[in-house]
Amino acid sequence: MDDTTPPPPPADQSPPPPPPVQTHTGSPTDFLKGVVGKRVIVRLTSGVDYCGVLSCLDGYMNIALEQTEEHVNGAVTNRYGDAFIRGNNVLYISAAEAI
């Protein structure tokens, strides 16, 4: 064997695991502050989605959206200039664009 060639790894050694996937580790409050003024998707407990620009929200998750579209089963059913959603109907808020 040549002196410059490294020895092969032992057969019982497996390759190292891949690096962990990077995830966002901020708090929900940080996320919500970061999406104000950006496009979001708001899913209601009824299953209806509202997509629009998040104007503001409060501690009760009451939400004000601008340029709002209502989606039922993936199809646009209505378009609103401004929409106000009461917080107890909100299932989740998701960013529709990169934060």
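Residues numbered from 1 in each chain as written. Predicted model: local features only at pLDDT ≥ 70, side-chain atom pairs only at ≥ 80, totals over all residues. Heavy atoms only, no water.

Asks: Quick question: what am I supposed to make of the overall build of the protein chain here?
Replies: In terms of regular secondary structure, the protein chain is built from 1 helix and 5 strands. Taken from N to C terminus, the helices and strands of the protein chain fall in the order α-β-β-β-β-β. In the protein chain, which comprises 99 residues, the proportion classed as buried is 23%. The contacts in the protein chain between residues at least 6 apart in sequence include a share of 39% that link residues at least 24 apart. Just so you have it, the protein chain exposes about 7,300 Å², and 55% of that area is on carbon and sulfur atoms. (Helix = DSSP H or I, 4+ residues; strand = E, 2+ residues; numbered from the N terminus. Buried < 20%, exposed > 50% of the residue type's maximum accessible area, 1.4 Å probe, protein only. Contact = heavy atoms within 4.5 Å. Areas by Shrake-Rupley, 256 points an atom, 1.4 Å probe, with all protein chains shown as cover.)

Asks: When you look at unusual backbone geometry in this model, what are you seeing that I'm missing?
Replies: Where the residue is not glycine, phi is negative for most of them; where a peptide bond is considered, it is trans in most cases. The phi dihedral of Met 61 falls on the positive side, at around 70 degrees, and the residue is not glycine. Within the secondary structure layout, Met 61 lies in the loop between β2 (49–57) and β3 (63–72). Even without being a glycine, Gln 67 presents a positive backbone phi close to 50 degrees. With respect to the helices and strands, Gln 67 occurs in strand β3. What makes Gln 67 exposed here is its relative accessible area of 53%.

Asks: Can you walk me through the environment of Ala 83 in this structure?
Replies: Within the secondary structure, Ala 83 sits in strand β4 (residues 75–85). Judged by relative accessible area, Ala 83 falls into the buried class, the value being 10%. Along the backbone, Ala 83 and Gly 52 are 31 residues apart, and their C-alpha atoms lie at a distance of 8.8 Å. Sequence-distant contacts of Ala 83, defined by excluding residues within four places in its chain, comprise Ile 63, Ala 64, Leu 65 and Thr 68.

Asks: Hey, could you run me through the sheet that holds β3 in this one?
Replies: Two pairing modes exist for strands in a sheet, parallel and antiparallel, and in both the strands are linked by backbone hydrogen bonds. Across the sheet, 5 strands lie side by side as β4-β3-β2-β1-β5; this open sheet has antiparallel pairing. Only two strands of the sheet have a single neighbouring strand rather than two, namely β4 and β5 (90–95). Adjacent strand axes in the sheet meet at a mean angle of 30 degrees, parallel and antiparallel pairs treated alike. Set on the sheet, helix α1 (residues 28–35) makes contact with β1 (39–44), β2 and β5; between it and β5 the angle comes to about 60 degrees. (Pairing = 2+ DSSP bridges. Axes fitted to C-alpha atoms, helices over the stretch in contact; angles between N-to-C directions.)

Asks: Explanation requested: the pairing of β3 in the structure shown.
Replies: Successive side chains on a regular strand alternate, one facing one side of the sheet and the next facing the other. Where β2 and β3 come together, 7 bridges link them in antiparallel fashion. Within β3, the residue paired with Leu 57 across the bridge is Ile 63. Here β2 folds back onto β3, and the loop between the two strands holds 5 residues, one of which, Met 61, carries a positive phi near 70 degrees. Strand direction decides the pairing type here: β3 and β4, joined by 9 bridges, are antiparallel. Looking at β4, one finds that Val 72 is bridged to Ala 75. Turn length for the β3-β4 hairpin, with the two strands adjacent in sequence and antiparallel, is 2 residues, and the turn residue Asn 73 shows positive phi of about 55 degrees.

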